[in-house]
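Spelled out, the chains give:
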Protein chains: 2
Amino acid sequence: MKCLVVALGGNSIILPKEQGTLEQQMRHVHDTVENMRVLFNSKYKVVITHGNGPAVGDLLIQQESADRPRMPLYVLDAMTQAQIGYLLQLALQNQLGIHSTVVITRILVDKKDRAFKNPTKPIGPFYKSKVYPAMIKQLQGWRRVVPSPQPKGIIDIQLIRDVMNKYVVIACGGGGIPVIRKKGRLVGIDAVIDKDFASQLLATQLKADELIFITAVDNVYLNYGKKRQSKLSAMDIAEAEKYLSEGHFGVGSMKPKIEASIRFLESGGKKIIITSPKLLEKALKGKAGTVIK
Amino acid sequence: MKCLVVALGGNSIILPKEQGTLEQQMRHVHDTVENMRVLFNSKYKVVITHGNGPAVGDLLIQQESADRPRMPLYVLDAMTQAQIGYLLQLALQNQLGIHSTVVITRILVDKKDRAFKNPTKPIGPFYKSKVYPAMIKQLQGWRRVVPSPQPKGIIDIQLIRDVMNKYVVIACGGGGIPVIRKKGRLVGIDAVIDKDFASQLLATQLKADELIFITAVDNVYLNYGKKRQSKLSAMDIAEAEKYLSEGHFGVGSMKPKIEASIRFLESGGKKIIITSPKLLEKALKGKAGTVIK
């Protein structure tokens, strides 16, 4: 039985062009889960991870808008694990009859991670101009950014191992809840860990056979969005590193997936697939998507 | 080994007189967990539940205050399970070295429950006047109310059973996420289930030996808040029903605890303790609190 870690992009649940109402989120979760049907059979043991970028950004705005106590970003990360995990859980059960469990996952980061001085992780909606001090400009507009430190360890890994033999596990949601060690204690810290790196760490620690990134594009491209854009159906580590160094992959979108893929392979992983929900079935047969080996 | 279900009041994490900042919540969680130290030994297997009244009310206000998509109340219930569960989890680990797991718990309710036409569950802060259509007046002021249907079944009960042998489980947070069955599917419905009733159902389904309500008062009183107020150190079902019918117990506070206690005993449960965090140790020895047998 192959162990698969399947990482769902936060942007595949709340699309950049949409507001992200509950109805929209439920529709995308429905469609994604429908496309994942092919994963749930006797061949695979599946652990699902997901991003939280749009959702945690909205939640942060809401917390800032009312005269009620605000929870810090790391608590909001925890809250989005339940929010998105619950929607996935209902869809898995209602559409596929699959029993799943949401594991509230804490992930250790280094308080000296330079990400804390250089926020790069985009969250929440797109804006027409720079309305917050820390923002970056993406294709669709300006977006708020928060620190995104590297995941160093999954606090709840043993629990995930314990329950994955019986249930489909939804874990490391939103990249996990970032915590640091401080005098032997675990303490939350404000950040949003990249779910691609968290998913790689999980896949490596579980000794998963394959890591699958389900994202907005059908496969990896060279010269993405440019005239000379070309599909990549496969690459190895050396090619991936070369393309990375040539700057082919978007910061905060394809770049972390390629970097996470290299780490997964270098830590003993065998195969990565990057594709869209609708091409997942074909990609598993090697007929679509991008494979990294 | 005795199985204990320990229910923590939402008002013991966010006090009625406080705003409920993170620092205040963490301090109360710290103190409550410190008082719970006596529970974690070879004599007991512990499952913890908690309320979410103040927290889910604040979250609802925040969601309503910004021009971003609002999640329905049942998704907010899910979010508070992770919010409060995560704080409890960190405190258990940091103060007592206890590994715990938060089980995102869905609870079945009946869509025809008359609670949907008659909201009674107070959530969020206290107001000086009636500012929302559905409010009730409590001792400290007006408070928003939402439907609070009876819990009929715990969807995730098997998962709780599976993990409680190895971990301290935090489950049924905020009374659980209310769902109904609709043409064979599970669908969320806006409500806040009373955590006292949810805790009783959990205790009954787990065949727990004891159900412990940790609340703001040291024990149950007759004529609470009146001149003739008197402590109750013990009662049986018949006495509990008599006092209930005489109107001794506050709606939304002591009344559901007594009603839940009667149900627990009638379903085979042996003992209920109602007490405050600081008297828990004495109450376990029968030297404080109120025992219902």
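Look above for the structure.
No experiment lies behind these values; they were computed from the predicted model shown.

### A few points about the overall build of chain A
Counting its regular elements, chain A contains 8 helices and 17 strands. What you see for chain A is a C-alpha radius of gyration of 18 Å, in line with the 19 Å of a compact globule of 293 residues. The dimensions of chain A, computed from C-alpha atoms along their principal axes, are 55 × 50 × 40 Å. Counting the 293 residues in chain A, one finds 63% classified as buried. In the structure as shown, chain A presents an accessible area of about 12100 Å², 49% of it carried by carbon and sulfur atoms. The distance from the centre of the 43 positive side-chain charges to the centre of the 25 negative ones in chain A is 2 Å.

### Concerning the relation of the copies chain A and chain B
Here the two chain copies are tied together by a rotation about an axis and a shift along that axis. Take chain A, turn it by 180°, move it 0.0 Å along the axis, and it overlays chain B with an RMSD of 0.0 Å. Taken together, the rotation angle and the small translation identify this as a two-fold axis. Residues of chain A ranked by C-alpha distance from the rotation axis are headed by M79(A), positioned 2.2 Å from it.

### A short note on the pairing of strand β16 (residues 271-275) of chain B
All names here are of chain B. The element β16 is largely enclosed, with a buried count of 5 among its 5 residues. Of the pairings in the sheet, the one linking strand β12 (residues 210-214) to β16 comprises 5 bridges and is parallel in character. The residue bridging I212 from the neighbouring strand is I273, located in β16.

### Re the packing of helix α6 (residues 237-245) of chain A against helix α7 (residues 254-266) of chain A
What describes two packed helices is the angle between their axes and the distance between those same axes. Residues and elements named next belong to chain A. Between α6 and α7, whose axes approach to 10 Å, the crossing angle comes to 150°. As judged from the angle between their axes, α6 and α7 are roughly antiparallel. Seen from above, α6 lies across α7 with left-handed handedness. Packed against α6, whose contacting residues are I237, A240, E241 and L244, the element α7 presents K255, I258, E259, I262, L265 and E266 at the interface. Taken together, the residues that form the contact of α6 with α7 break down as 6 nonpolar, no polar and 4 charged.

### Section: the interface of chain A and chain B
Facing the 49 residues of chain A at the interface are 49 residues of chain B. The junction of chain A with chain B conceals about 4400 Å² of combined surface from both sides, 58% of it contributed by carbon and sulfur atoms. If you sort the residues of chain A by the area they bury against chain B, Q62(A), R68(A) and Y86(A) come out on top, with a joint share of 17%. Our count for the chain A to chain B interface comes out at 4 salt bridges.

### A short note on the pattern of salt bridges
Opposite charge on two side chains allows them to pair when their charged atoms are near. In the structure shown here, the tally under the stated rule is 26 salt bridges over all chains. As a salt-bridge pair, E64(A) and R144(A) come within 2.7 Å of each other at their nearest N and O atoms. Of this pair, E64(A) sits in helix α2 (residues 53-65) while R144(A) sits in strand β7 (residues 141-146); the two residues are 80 residues apart in sequence, bridging distant segments of the chain. The exposure class of E64(A) is partly exposed, given its relative accessible area of 30%. Note that D218(B) and K278(B) form a salt bridge whose closest N and O atoms lie 3.1 Å from each other.

### Looking at the packing of helix α1 (residues 22-36) of chain B against helix α3 (residues 73-96) of chain B
All names here are of chain B. Viewed as axis vectors pointing N to C, α1 and α3 meet at an angle of 50°, and their least axial separation amounts to 9 Å. With respect to α3, the element α1 is oriented oblique. Remark: the crossing between α1 and α3 carries right-handed chirality. Residues L22, Q25, M26, V29, H30, V33 and E34 of α1 lie in contact with α3, whose contacting residues are Q83, L87, L88, A91, L92, Q95 and L96. Partitioned by chemical class, the residues of the contact of α1 with α3 number 9 nonpolar, 4 polar and 1 charged.

### Remarks on the sheet that holds strand β10 (residues 177-182) of chain B
Residue and element names in this part refer to chain B. Taken together, 4 strands build an open sheet; the order of strands is β8-β4-β10-β11 and the sheet is mixed. The two strands at the open ends of the sheet, each matched to only one other strand, are β8 (153-154) and β11 (185-188). Its contacts with the sheet put α3 on β10 and β11, and the angle it makes with β10 is roughly 135°.

### Some details on a positive patch on the surface
Residues K43(A), K231(A), K282(A), K285(A) and K287(A) make up a contiguous surface patch of positive charge. Among the residues examined, K282(A) registers a relative accessible area of 44% and is labelled partly exposed.

### Re the side chain of T32(B)
Mapped onto the fold, T32(B) is located in helix α1. On the basis of relative accessibility, which here comes to 6%, the residue T32(B) falls in the buried class.

### Some details on the pairing of β12(B)
A large share of β12(B) lies buried, amounting to 5 of its 5 residues. On β12(B), burial covers both faces: E210(B), I212(B) and I214(B) on one face and L211(B) and F213(B) on the other are all buried.

### A look at the nonpolar core
Of all hydrophobic cores here, the largest spans 110 residues; its most connected members are L39(A), F40(A), I48(A), L39(B), F40(B) and I48(B). The next biggest cluster of nonpolar side chains, apart from the first, holds 96 residues, and it includes I107(B), I157(B), F249(B) and I274(B).

### Some thoughts on unusual backbone geometry
All names here are of chain A. A positive phi is found at C172, a non-glycine position, where the angle reads about 55°. Following the sequence through the fold, C172 ends up in the loop between β9 (168-170) and β10 (177-182). Judged by its relative accessible area of 1%, C172 is buried.

### Some remarks on helix α6 (residues 237-245) of chain B
Residues and elements named next belong to chain B. Every buried residue belonging to α6 is among A240, Y243 and L244, and all of these are buried. Around the axis of α6, the buried residues are gathered within 105° of arc, so they sit on the same side. Turned more than 90 degrees away from the buried face of α6, the exposed residues are A238 and S245. Looking at the buried positions of α6, the neighbouring elements they touch are β13 (220-222), β14 (230-232), β15 (234-235) and α7 (254-266). Taking the backbone nitrogen of A238 as reference, a side-chain oxygen 3.2 Å away marks D236 as the first, capping residue of α6. Among the residues trailing α6, G247 stands out with phi positive, at a value near 75°.

Each value, and the rule that gives it
Residues numbered from 1 in each chain as written. Chains lettered and ligands numbered in written order. Predicted model: local features only at pLDDT ≥ 70, side-chain atom pairs only at ≥ 80, totals over all residues. Heavy atoms only, no water. Helix = DSSP H or I, 4+ residues; strand = E, 2+ residues; numbered from the N terminus. Rg over C-alpha atoms; globule rule 2.2 N^0.38 Å. Buried < 20%, exposed > 50% of the residue type's maximum accessible area, 1.4 Å probe, protein only. Areas by Shrake-Rupley, 256 points an atom, 1.4 Å probe, with all protein chains shown as cover. Lys, Arg positive; Asp, Glu negative; His and termini not counted. Charge placed at Lys NZ, Arg CZ, Asp CG, Glu CD. Least-squares fit on C-alpha atoms with pLDDT ≥ 70 in both. Pairing = 2+ DSSP bridges. Axes fitted to C-alpha atoms, helices over the stretch in contact; angles between N-to-C directions. Parallel < 35°, antiparallel > 145°, perpendicular 65-115°, else oblique. Left-handed = near helix turned anticlockwise from the far one by under 90°. Contact = heavy atoms within 4.5 Å. Nonpolar A, V, L, I, M, F, W, Y, C, P; charged D, E, K, R; others polar. Buried area = accessible area lost by both parts, 1.4 Å probe. Salt bridge = Lys/Arg side-chain N within 4 Å of Asp/Glu carboxyl O. Patch = residues over 30% accessible without salt bridge, like charges linked within 9 Å, V, L, I, M, F, W, Y side chains within 5 Å. Core = buried A, V, L, I, M, F, W, Y, C linked by side-chain atoms within 4.5 Å. Arc of directions from axis to C-beta. Polar contact = N/O pair within 3.5 Å; in protein donor to acceptor, adjacent residues only side chain to side chain.

So yeah, pure geometry; function would need other evidence.
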